[in-house]
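Structural characterization, general
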Amino acid sequence: GSETNGYVVGGISTTPISDSNVINNALNNLNNTLAKYPRGFFSEIKNGGIPLTVILINNYSNNSITGVTDSNYSFANISIAVSHPFEESFFHESYHYIERYIFKKGGNFSSWDSLNPEGFVYNQNISNMNSYANTFSESAPFVNTYAQTAATEDRASTFEYMMALNKASCLNQNTTVWRKASMISGMIDAVFTSVNPSTIEYWERHL
């Protein structure tokens, strides 16, 4: 509502939600989505020095944008455009928040690039043929073309697929995307005390 009037992120302006029914629906969606993460998960990041504010807006001035995470090692704002499907946007943006905490705690993905095709360079070799969303090939090394723009977006996009209701075949065991998802899952297990490695968390259902 009016609390988001004038919110600008990365030079992108936003339009607030004015309809009380849309606001109520957005808050219900947020509540239901947060319930899919382990109890205490976001509190752990907050207590680790990165408190989170979720900003629900109607849309960005660039309508192709569905969500934005604005963060550093002392704060995080996740804004979500409710004019787009809610869960997918939140899953993706929440991973950027999760990874910020992973890095703050000393975690790294130094071997990540070894999972990509030989010679691949992010934001230079983008190809629909390497995208599961375009080919539906389980051997595709990326879930979509956006994942090919940066390693951080690759992981956030992969996490989005890990959290999806239905399993995509690119997450079948021993595929490239499965290896990426397993690395993400293992890193979260290693860093978070609120995550029990012996428990199958929501993002591990498809693994």
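The structure under discussion appears in the preceding block.
All values reported here derive from a predicted model rather than from experimental measurement. (Residues numbered from 1 in each chain as written. Predicted model: local features only at pLDDT ≥ 70, side-chain atom pairs only at ≥ 80, totals over all residues. Heavy atoms only, no water.)

**Overview of the sheet that holds strand S3 (residues 52-57)**
- If you walk across this open sheet you meet the 3 strands as S3-S6-S5, and the pairing is mixed. Two strands close off the open sheet at either side, each with one partner strand: S3 and strand S5 (67-71). Adjacent strand axes in the sheet meet at a mean angle of 15 degrees, parallel and antiparallel pairs treated alike.
- The pairing of S3 with strand S6 (residues 76-81) spans 6 bridges and is classified as parallel. Across the sheet, the residue bridging to Ile57 is Ala81, located in S6.
- Against the sheet, helix H3 (residues 86-104) contacts S3, S5 and S6, and its axis sits at roughly 165 degrees relative to S6. (Pairing = 2+ DSSP bridges. Helix = DSSP H or I, 4+ residues; strand = E, 2+ residues; numbered from the N terminus. Axes fitted to C-alpha atoms, helices over the stretch in contact; angles between N-to-C directions. Contact = heavy atoms within 4.5 Å.)

**Concerning the sheet that holds strand S4 (residues 59-60)**
- Taking strand neighbours across the sheet as the criterion, the 3 strands line up as S1-S2-S4 in an open arrangement whose pairing is antiparallel. The open sheet terminates on both sides in strands that have one partner only, identified here as strand S1 (8-9) and S4.
- One ladder, built from 2 bridges, connects strand S2 (residues 12-15) with S4; its direction is antiparallel. When the sheet's bridge partners are listed, Thr15 is paired in S4 with Asn59.

**A few points about the packing of aromatic side chains**
- Considering all chains together, one arrives at 20 aromatic pairs under this definition.
- Measuring from ring centre to ring centre gives 4.7 Å for Phe120 and Phe142, while their planes differ by 40 degrees; the resulting arrangement is tilted. A residue pair is termed long-range when its members are at least 10 positions apart, and Phe120 in the loop between H3 and helix H4 (132-135) and Phe142 in the loop between H4 and helix H5 (151-163) qualify at 22 residues. Phe142 carries the same exposure label as Phe120, and that label is buried.
- Members of the aromatic cluster, connected to one another through ring pairs, are Tyr37, Phe41, Phe42, Phe86, Phe90, Phe91, Tyr95, Tyr97, Tyr101, Phe159, Phe192 and Trp203.
- When the ring centre of Tyr73 is taken as origin, the NZ or CZ atom of Arg100, which lies over that ring, is 4.7 Å away. (Phe/Tyr/Trp six-rings, centres within 6.5 Å; stacked < 30°, edge-to-face > 60°. Buried < 20%, exposed > 50% of the residue type's maximum accessible area, 1.4 Å probe, protein only. Lys NZ or Arg CZ within 6 Å of the ring centre and 35° of its normal.)

**Notes on the side chain of Ser185**
- Summarising the element assignment, Ser185 is placed in helix H6 (residues 176-191).
- Residue classification places Ser185 among the buried residues on the basis of a relative accessible area of 6%.
- Sequence-distant contacts of Ser185, defined by excluding residues within four places in its chain, comprise Met162, Trp203, Glu204 and Leu207.

**Quick look at the pattern of salt bridges**
- Using the criterion set out here, one finds 3 salt bridges in the structure.
- Here Glu87 and Lys36 are joined by a salt bridge, their closest N and O atoms 2.5 Å apart. Taken together, the positions of Glu87 in helix H3 and Lys36 in the loop between helix H1 (20-34) and helix H2 (41-47) put the pair 51 residues apart, joining distant regions of the chain.
- Relative accessible area serves as the criterion here: at 23%, Lys36 is assigned to the partly exposed category.
- Note that Arg155 is salt-bridged to Glu99, the shortest N-O span being 2.5 Å. One end of the pair, Arg155, is in helix H5; the other, Glu99, is in helix H3, and 56 residues separate them in sequence. The same class applies to Arg155 as to Glu99, namely buried. (Salt bridge = Lys/Arg side-chain N within 4 Å of Asp/Glu carboxyl O.)

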